[in-house]
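Observations on the three-dimensional arrangement
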Amino acid sequence: FRYHPLDWLAEPRWAWLLDAAAEGRIAMLPPPHALIPQSKAFLALCWELEAQGFFPPAEAAAIREYVALTALGPEPFGRGRYVIKPYLEREGHGVRFSTDLSPRERGRLLQGPVVCQERLDVAQALVPVATGRGWRREARHLIFGVFLAGTEIAGIYTRAGAPITGREAVYVPTLLRRPN
């Protein structure tokens, strides 16, 4: 089991580990191929394929309903708000709101390996947070995610953090009930 994202290991000092994984001498969970759907560029690919009619109607509808519009450039957003995100970062590293940047800064960022994603107004809630001085309730933005095992949903999680969710985020218990 690897605790760090595979792309964080893409440095010369970890070459021996990556070589061993590529040669099948060690197993990793999640496996190396999981890197592909973890990339935000994969979301842009999904939207491009959806626009070209690649997906069956139910899958296309799910993309339009549940995946924020994502593209390799800002063109789909016109003069609207969007978020610039690196292909492979986590914990909010490198994520910037287009409205917080000058045109020059936006242009510089857009030259790199980034996607542009629809800026959504994310729900906020007061959540219990453990601190060095005990528990307190704090207003946090809620982000929901899903863990998959093969083709089955294996878990759902809620992270609560800043508008750009980073390392300060806390996990909040999630309870799903089937409708009666």
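Here is a short report on the structure shown in this document. What you are looking at is a predicted structure, and each value in this text was computed from that prediction instead of being measured. Residue numbering note: each chain is counted from 1, following its sequence as written. Given that the model is predicted, a residue must reach a pLDDT of at least 70 before its local features are reported, and side-chain atom pairs must reach 80 or more before they are shown or counted; all residues, however, enter totals for whole chains, interfaces and linings. As a convention, hydrogens and water are excluded, and side-chain values are obtained from all of the structure's heavy atoms.

**Digging into the pattern of salt bridges**
Any carboxyl oxygen of Asp or Glu that lies within 4 Å of a side-chain nitrogen of Lys or Arg is treated as forming a salt bridge with it. Within this structure, the stated rule accounts for six salt bridges. Of the charged contacts, one joins Asp121 and Arg81 as a salt bridge, the two residues approaching to 3.1 Å between their closest N and O atoms. In this pair, Asp121 is assigned in the loop between strand S4 (114-118) and strand S5 (124-131) and Arg81 in the loop between strand S1 (70-71) and strand S2 (82-86), connecting sequence segments 40 residues apart. Relative accessibility thresholds used throughout: buried, under 20% of the residue-type maximum; exposed, over 50%; partly exposed, between the two (1.4 Å probe, protein chains only). Judged by relative accessible area, Asp121 falls into the exposed class, the value being 67%. You can call Arg81 partly exposed: its relative accessible area is 38%. Two residues, Arg136 and Glu138, come together in a salt bridge whose shortest N-O distance is 2.6 Å. Residue class for Glu138 comes out buried when judged on its relative accessible area of 15%. Secondary structure is summarised from DSSP: a helix means a run of H or I of at least four residues, a strand means a run of E of at least two, and numbering begins at the N terminus for each.

**Topic: the environment of Pro128**
By the secondary structure assignment, Pro128 is in strand S5. Here Pro128 falls in the partly exposed class, since its relative accessible area comes to 47%. Expressed as a C-alpha distance, the spacing of Pro128 and Arg140, which sit twelve residues apart in the sequence, is 9.7 Å. Those residues in contact with Pro128 that lie beyond four places of it in its chain are Trp135, Arg136 and Arg137. Residues are treated as being in contact if the distance between any of their heavy atoms lies within 4.5 Å.

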